[in-house]
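Residue-level structure breakdown
This is what each chain is made of:
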Amino acid sequence: MPSHISLKQLKVFTTITQHKTLTEASASLFLSKAAVSVALSELEKQIGHHLFDRVNNRLILNQEGQRLLPLADELLSRAQDIQNVFDDEQTLSGQLRIGASDTIGNQVAPYLLSDFRSKTNHRSQSLFISNSAQICDMLIAYELDIALIEGKTMHPELDSTQFIEDEMCVICPPDYPHFHGGLTSLSELENTEWILREGGSGSREFFMRTIAPRLENWQEAFQLNTTEALINSVSAGLGLACLSRLSTQPAIQDGRVKMLNIPLDMKRRFWVLIHKEKYQSPLLRTFIEFCQSWKD
């Protein structure tokens, strides 16, 4: 018996994977909940497998659904490409869903996207900013098309290539007793309190890998989930912090915090991530190439 899987059914399927409930998916698709339910049931019947596990009114993608997701994403993207072939108004069409970790999202992406728009005249992009771990999770779930993050990931489903270079720095309050304008030895940082980002943050990962192992005694004074809160906490004298110079430069210039010159290599790379099975549309390929050649 021939199968008649439709693009509408695949769109319903991918939307449910993002929203996890029929109610939220139907709202996103501007369809009734019954129509979404019927489309999913027909798709599962034609495939011969359930695609979701039902857990407390939530639909959680199962193993069969995970097999279908990259294929559905590619077919929907290729269908968009067919429409774009006949779009004479611009060479690049479609929506580009970009994820960025905190520093890149706030300090780099606005300028990168401005340059991209000027060069390509493409205007339809969304930018979601969170910590690196959540951005990677969303990329794996096909909720994003591409990600720009601060820490390298070794996830087997993701491809990563180097982006621009960044430099980290250690900041202290303006009246910090060990600030003397010269090189601050690591011994001067013993028995200090640190204000860190949450788990999954690239800034926290850099501190734990580069600075923490070289200190015998240090304490975590606070854990905060925004860079601005960290800077304000340092300025208020609650501890030291390790952050990107891009993020801290305005506060350093304003005199709210000072930067300690420590004898460590504080450079790190930004990374462009894509799902290995993600179909690379002309728009996505163009944006990847633009990021890799773009200079801050």
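Each value, and the rule that gives it
Residues numbered from 1 in each chain as written. Predicted model: local features only at pLDDT ≥ 70, side-chain atom pairs only at ≥ 80, totals over all residues. Heavy atoms only, no water. UniProt positions renumbered as here; feature names shortened; annotations may be inferred. Buried < 20%, exposed > 50% of the residue type's maximum accessible area, 1.4 Å probe, protein only. Helix = DSSP H or I, 4+ residues; strand = E, 2+ residues; numbered from the N terminus. Contact = heavy atoms within 4.5 Å. Arc of directions from axis to C-beta. Polar contact = N/O pair within 3.5 Å; in protein donor to acceptor, adjacent residues only side chain to side chain. Core = buried A, V, L, I, M, F, W, Y, C linked by side-chain atoms within 4.5 Å. Domains from an automatic or database assignment. 1 Å grid on protein atoms, 1.4 Å probe; cavity = no way out; pocket = protein on both sides within 12 Å on 5 of 7 lines; lining within 4 Å. Points joined across faces, edges and corners; volume = space filled by probe spheres on them. Nonpolar A, V, L, I, M, F, W, Y, C, P; charged D, E, K, R; others polar.

Per an unreviewed UniProt entry, the chain carries the name LysR family transcriptional regulator and comes from Vibrio chagasii. Annotation of the chain in UniProt includes, under Sequence similarities (unreviewed entry), the sentence "Belongs to the LysR transcriptional regulatory family."

**Looking at helix α6 (residues 132-140)**
The set of residues buried in α6 consists of S132, I135, C136, M138, L139 and I140. Those residues of α6 hidden inside the fold are in contact with β3 (96-101), β4 (125-130), β5 (146-149), β6 (158-172), α7 (202-211) and β11 (267-275). At the C-terminal side of α6, Y142 shows a positive phi close to 60°.

**What about the UniProt feature "domain: HTH lysR-type" (unreviewed entry) in the chain?**
According to UniProt, the positions carrying the feature "domain: HTH lysR-type" (unreviewed entry) are residues 5-62. Between the end C-alpha atoms of residues 5-62 the distance is 19 Å, and the span holds 62% helix and 14% strand.

**Side note on helix α9 (residues 245-254)**
Structural remark: α-helix, 3.6 residues per turn; residues separated by three or four positions point the same way. All of the buried residues along α9 are S247, T248 and A251. For α9, the angular spread of buried residues about the axis comes to 70°, placing them on one side. The opening residue of α9 is S244, an N-cap whose side-chain oxygen sits 3.1 Å from the backbone nitrogen of L246. Once α9 ends, the next one or two residues include G255, with phi positive near 80°.

**Details of the nonpolar core**
Among the nonpolar cores identified, the biggest contains 23 residues, and L112, I146, F163 and F287 are the most heavily contacted of them. Within the residue set of this core, elements represented by two or more residues are β3, α5 (102-120), β5, β6, β11 and α10 (282-293). In terms of residues, this core owes the most to one element, α10, which gives six residues. Apart from residues lying up to four places away in sequence, I146 is in contact with R97, I98, G99, L139, V272, L273, I274, L284, F287 and I288. Formed by 19 residues, the second largest nonpolar core is a distinct cluster that contains Y176, F206, I211 and A212.

**Things to note about the domain arrangement of the chain**
Each domain of the chain was delimited in the assignment, giving domain 1 (7-65), domain 2 (96-164 + 269-293) and domain 3 (166-267). Here the C-alpha centre of domain 3 lies 46 Å away from the C-alpha centre of domain 1.

**Quick notes on the layout of surface pockets**
Of the voids in this model, the largest pocket is the one considered here, and its volume is about 580 Å³. Along the walls of the largest pocket sit 27 residues, with K11, L76, S77, Q95 and R97 positioned nearest its centre. Contributions of two or more residues to the lining of the largest pocket are made by α1 (7-19), α4 (63-85), β3 and α10. The element contributing the most residues to the lining of the largest pocket is α4, with nine residues. Among the residues making up the lining of the largest pocket, the classes are represented as eight nonpolar, 13 polar and six charged. In this structure, the lining of the largest pocket is formed jointly by two domains, domain 1 (7-65) and domain 2 (96-164 + 269-293), each of which donates at least three residues. Reported here for the second largest pocket is a volume of approximately 350 Å³. Along its surface, the second largest pocket is lined by 19 residues, and L61, Q66, L69, I140 and A141 are the ones closest to its centre. Of all elements in the fold, only β2 (58-61), α4 and α6 reach the threshold of two or more residues within the lining of the second largest pocket. Classifying every residue of the lining of the second largest pocket gives 10 nonpolar, three polar and six charged. When residues of the lining of the second largest pocket are assigned to domains, at least three fall in each of domain 1 (7-65) and domain 2 (96-164 + 269-293).

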